[in-house]
Every structure is written in C-alpha cells, then in structure tokens.
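Each chain, letter by letter, is given below.
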Amino acid sequence: KQEVTQIPAALSVPEGENLVLNCSFTDSAIYNLQWFRQDPGKGLTSLLLIQSSQREQTSGRLNASLDKSSGRSTLYIAASQPGDSATYLCAANTDKLIFGTGTRLQVFP
Amino acid sequence: GAVVSQHPSWVICKSGTSVKIECRSLDFQATTMFWYRQFPKQSLMLMATSNEGSKATYEQGVEKDKFLINHASLTLSTLTVTSAHPEDSSFYICSAITGATEAFFGQGTRLTVV
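Presented here is a report on the structure given in the accompanying data block. All residue numbers here refer to positions counted from 1 along the written sequence of the relevant chain. Ligands are numbered from 1 and chains lettered from A, in the order in which they are written. pLDDT decides what is reported in this predicted model: residues at 70 or higher carry local features, side-chain atom pairs at 80 or more are listed and counted, and totals for whole chains, interfaces and linings draw on all residues regardless. In computing side-chain values, all of the structure's heavy atoms are included and hydrogens and water are not.

### Here's the deal with the overall build of chain B
Helix and strand definitions here come from DSSP, where helices need a minimum of 4 consecutive H or I residues and strands a minimum of 2 consecutive E residues; each element is numbered from the N-terminal end. Counting secondary structure elements, chain B contains zero helices and eleven strands. Starting at the N terminus and walking to the C terminus, you meet the elements of chain B as β-β-β-β-β-β-β-β-β-β-β. The reference for a compact globule is 2.2 Å times residues^0.38; the radius of gyration itself is calculated from the C-alpha atoms. For a compact globule of 114 residues, the expected C-alpha radius of gyration is about 13 Å, and chain B comes in at 13 Å, within 12% of that figure. The principal-axis extents of the C-alpha atoms in chain B amount to approximately 35 × 25 × 20 Å.

### Brief notes about the environment of Lys1(A)
Note that Lys1(A) resides in the segment before strand E1 (4-7). Here the alpha-carbon distance between Lys1(A) and Pro82(A), two residues 81 residues apart in the chain, equals 36 Å.

### Some remarks on the state of the cysteines
Note on disulfides: each one is a pair of cysteine sulfur atoms within 2.5 Å. All chains considered together, the criterion is met by two disulfides over all chains. The disulfide that involves Cys23(A) links it to Cys90(A), with 2.1 Å between the sulfurs. One disulfide, between Cys23(A) and Cys90(A), carries an S-S torsion of 80° and so falls in the right-handed class. Taken together, the residues Cys23(A) in strand E3 (residues 19-25) and Cys90(A) in strand E9 (residues 86-93) connect sequence positions 67 residues apart. Take Cys23(A) and Cys90(A): they sit in the same class, and that class is buried. The disulfide bridge from Cys23(B) ends at Cys94(B), spanning 2.0 Å between sulfur atoms. For each residue, the accessible area found with a 1.4 Å probe, counting protein chains only, is set against the maximum for its type, and the residue is called buried under 20%, exposed over 50%, and partly exposed in between.

### Section: the interface of chain B and chain A
With 20 residues of chain B at the interface, the matching set in chain A holds 22 residues. Only one rule defines a salt bridge in this text: a Lys or Arg side-chain nitrogen within 4 Å of an Asp or Glu carboxyl oxygen. Inspection of the chain B/chain A interface yields one salt bridge. Lys96(A) is the partner of Glu59(B) in a salt bridge, and the nearest nitrogen-oxygen pair spans 2.8 Å. Whenever a nitrogen or oxygen atom comes within 3.5 Å of another N or O atom, the pair is scored as a polar contact, on the condition that within protein one atom can donate a hydrogen and the other can accept it, and that pairs from neighbouring residues in sequence are kept only if both atoms are in side chains. Our count for the contact surface shared by chain B and chain A stands at six residue pairs in polar contact (both at pLDDT 80 or more). Contributing elements (two or more residues each) for the side of chain B that touches chain A: strand E4 (32-38), strand E5 (45-51) and strand E9 (90-97) of chain B. With four residues, E9(B) is the single largest residue contributor to the side of chain B that touches chain A. When residues are grouped by polarity, Ala, Val, Leu, Ile, Met, Phe, Trp, Tyr, Cys and Pro land in nonpolar, Asp, Glu, Lys and Arg in charged, and all others, Gly among them, in polar. Counted by class, the side of chain B that touches chain A contains ten nonpolar, six polar and four charged residues. In this description, contact between two residues means that some pair of their heavy atoms is separated by no more than 4.5 Å.

### Observations concerning unusual backbone geometry
Cis geometry is found at the peptide bond from Ile7(A) to Pro8(A), where omega equals 0°. Along the polypeptide, Pro8(A) turns up in the loop between E1 and strand E2 (10-14). Geometrically, the link from His7(B) to Pro8(B) is a cis peptide bond, its omega value of 0° lying close to zero. Mapped onto the elements of the fold, Pro8(B) is located in the loop between strand E1 (4-7) and strand E2 (10-13). Non-glycine residue Ala79(A) carries a positive phi angle of around 45°. Its location among the elements puts Ala79(A) in the loop between strand E8 (72-77) and E9. Positive phi, close to 65°, is recorded for Lys41(B), a residue that is not glycine. Looking at the secondary structure, you find Lys41(B) in the loop between E4 and E5. The exposed category is assigned to Lys41(B), whose relative accessible area is 75%.

### Thoughts on the sheet that holds strand E6 (residues 56-59) of chain A
Residues and elements named next belong to chain A. Any two strands between which DSSP finds at least two bridges are classified as paired. Spatially, the five strands line up as an open sheet ordered E1-E3-E8-E7-E6, and their pairing is antiparallel. Among the strands making up the open sheet, the edge pair consists of E1 and E6. Going across the sheet, the axis of each strand differs from the next one's by a mean of 15°, ignoring polarity. Pairing geometry for E3 and E8, over six bridges, is antiparallel. Across the sheet, Ser24 pairs through a bridge with Arg72, a residue of E8. For helices, the fitted axis covers only the stretch in contact; all axes are lines through C-alpha atoms, and the angles between them, taken along N-to-C directions, range from 0 to 180 degrees.

And the structure:
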C-alpha cells in the first residue's frame, strides 16, 4: 500500500528565503508525481507534474525533482513571497493517486 | 489544462437525507475518477476509485452502502452520501484521469449536515 509523507508538516519563514519541501513515497512504481497547492477552504491548484522518466520540472520560481528509486521528490521555492502561503501537497500516481500529509507554509513580510 | 467541474460547490442538508455530488470532465474523457474527502487541516483521503461502466473500488474503511458511486459515462461520475449524519460533514473532491497522465481536480464540495 502506497504511503506518502511530507516533511516538514509546517514551515514559517520570512519573505525572500529559498525553501525546500520534501515528499517521500513507499511504492516506487509510480507513473508520475504531482505537486499541488491548496489555499484555506479552497480546492487544489496543480503546480508541477513529473513523469516517472523525468528527473525534474520547473515553472517560474518552482522546481520539483524526482528520485524514483529512492522514493523521494523535492519542491524548491525560490525567493518566497507572502502569496506563496498555502498548504503544499504532493501526490504519487500508481493506479491510484495518493496524497501526502501536506506542508503548511507561511511566508511573512 | 483540462477542466473538471464539480457540483454543487457547497451544500447544507438535514441529518438523514441524501446528497448527490456530480463530477464532470468537460473537455476530455476520463477512464478513471477518484473521490476524496478532506477534514479540516488534514490531507486528502482517497475514498474510492471509479471506472466507467464498472463498480467502484472502495478504500478500506469506506462504507460502500453509504457512499454510492456511479460512473455512468466517460465524462460523469456521481457520489451520493446516503442518510447523511453530522460526522459526514467534510470537503469532498473528485479527480479525473486518463491513463498515466495528469490528474485534474474539481473545485470540491463542502458538505454540512445539520
């Protein structure tokens, strides 16, 4: 059974810092891995999708890497801004899409 | 990206009544749809996997007779919460996927049972 965990559970940083969010999954036979953000009381916004054959994906200030063999993905956020404050979720796709435990990020001015 | 429409976005119902939530893929055919529920400050928990034309596969601990899932076409799946009780109050969200591609999510439905 796929289990997905995220570290840290919560993070509070000043504006401008570069951040690293970690995602670990137990079943490495994934098709892909996705990163999402969720604002309080809202649905999901897809950030990045990494296929199993890829090592990383970039979108603006976001960069996600994937090491399938070790069951890890990392989301880098460069030059963080208060607008980045949200919960970040990773999800591993095998024949089901299983979500991680989430990282609650707060960026203060 | 592809669009998944979920309706309603919020609903309040009386205890003992049933509520139906619809999930539609608007511009693609979804061979598989997933239903999740999310309690406050928690992550999304997979409830069931729904394939078009076949019975849904429920995760352990999810009552299939309480959460009825129908996937009648490649663009529509429904979740019916039967005989709802206050403990069923939650955020329900659907996802549609085609093969091993990106998953697209509905906007979610906030259910409050009073």
